[in-house]
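# Structural description and commentary
Below are the chains, spelled out letter by letter.
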Amino acid sequence: MAVTVLTDSSAYEAVLAWRAEDRLDHLQVIEADVPDQDSGILDAGDTAETDHGTVVLLQYTSGSTGDAKGVMITNGNMLHNAAAYLRAVRQKPGFRSGGWLPLYHDMGLSAQLLPALMAGGTCHLMQPMTFVRRPHLWLRMIDAFRLQVSHAPNFAYELARCQCRGCDIRPQRDCDRRRPSRCPIP
């Protein structure tokens, strides 16, 4: 059962009203964009007891084929998906990933950040708006940090191609060490 709702300050009052209307007084509501908020959940250095059945996030479907629905994702789901991803892309401990996908997006969290953490690797992050304004910096980031994986939807490659015409985006390093499918810079 969920015990906490994370929201931002713009929706805080609406979430409190929803909590009251639906008689969900057991839910703690936290404004995630307000610094130094005493949530009372964990103090620095504390740990939480979890198992595979512990719900760790609520993921909403897009609603593209119906009403958006919340899906409870457990600790076991997240660990299984990250391990399956690492096997599927044949990555070994210490691999490097990164990109600009926000961590509230399923691919940003599940394919960009968590596998790197589970494999003892690194994940380099870029603000999504930085990518939108200057997509060539994404390509430079892939090169500079020697990323082995950087996920993005199709529009990102088109945006990078269109906005980088005439730019010098040749790799600063030798790209041959990467698998061809992992080398986005021609």
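Whatever comes next refers back to the structure up there.
Each value, and the rule that gives it
- Residues numbered from 1 in each chain as written.
- Predicted model: local features only at pLDDT ≥ 70, side-chain atom pairs only at ≥ 80, totals over all residues.
- Heavy atoms only, no water.
- Salt bridge = Lys/Arg side-chain N within 4 Å of Asp/Glu carboxyl O.
- Helix = DSSP H or I, 4+ residues; strand = E, 2+ residues; numbered from the N terminus.
- Buried < 20%, exposed > 50% of the residue type's maximum accessible area, 1.4 Å probe, protein only.
- Contact = heavy atoms within 4.5 Å.
- Axes fitted to C-alpha atoms, helices over the stretch in contact; angles between N-to-C directions.
- Parallel < 35°, antiparallel > 145°, perpendicular 65-115°, else oblique.
- Phe/Tyr/Trp six-rings, centres within 6.5 Å; stacked < 30°, edge-to-face > 60°.
- Pairing = 2+ DSSP bridges.
- Core = buried A, V, L, I, M, F, W, Y, C linked by side-chain atoms within 4.5 Å.

### Thoughts on the pattern of salt bridges
- Tallied over the entire structure, the rule returns one salt bridge.
- A salt bridge links Glu158 to Arg161; the shortest N-O distance between them is 2.5 Å. Of this pair, Glu158 and Arg161 both sit in helix H6 (residues 154-163), three residues apart, roughly one helical turn.
- For Glu158, a relative accessible area of 39% corresponds to the partly exposed category.

### A few points about helix H3 (residues 106-118)
- Taken together, the buried positions of H3 are occupied by Gly108, Ala111, Gln112, Leu113, Leu114, Pro115 and Ala116.
- Each element contacted by the buried residues of H3 is listed here: helix H2 (75-88), strand E5 (96-99) and strand E6 (122-125).
- The positive-phi residue at the C-terminal boundary of H3 is Gly120, with phi of around 70°.

### Regarding the packing of H2 against H3
- Viewed as axis vectors pointing N to C, H2 and H3 meet at an angle of 85°, and their least axial separation amounts to 9 Å. Overall, the two elements H2 and H3 adopt an arrangement that is roughly perpendicular. Listed contacts from H3 to Met78, Leu79, Ala82, Ala83, Tyr85 and Leu86 of H2 are Leu109, Ser110, Ala111, Leu114, Pro115 and Met118.

### Describing the packing of aromatic side chains
- For the coordinates displayed, the defined rule picks out five aromatic pairs.
- Between Trp100 and Phe131, the aromatic rings sit 4.2 Å apart at their centres with planes inclined by 0°, giving stacked as the arrangement. Of this pair, Trp100 sits in the loop between E5 and H3 while Phe131 is found in helix H4 (residues 128-133), placing the two residues 31 residues apart along the sequence.
- You can call Trp100 buried: its relative accessible area is 6%.
- One aromatic cluster is present, formed by Trp100, Phe131, Trp138, Phe155 and Tyr157 through successive ring pairs.

### A word on the pairing of E5
- Pairing of E5 with E6, which is carried by four bridges, proceeds in the parallel orientation. By the bridge assignment for E6, Ser97 is matched with Cys123.

### Comments concerning the nonpolar core
- If you look at the biggest cluster of nonpolar residues, it comprises 13 residues, and the most contacted ones within it are Trp100, Met126, Phe131, Trp138 and Ala156.
- Among the elements of the structure, helix H5 (136-144) and H6 are those that each provide at least two residues to this core.
- With four residues, the single largest contributor to this core is H5.
- Every residue in contact with Trp100, bar those within four places of it in the chain, is listed here: Gln112, Met126, Gln127, Pro128, Phe131, Trp138, Ala152, Pro153, Phe155 and Ala156.
- Residues Tyr85, Val89, Phe95 and Ala111 belong to the second largest nonpolar core, which totals seven residues.

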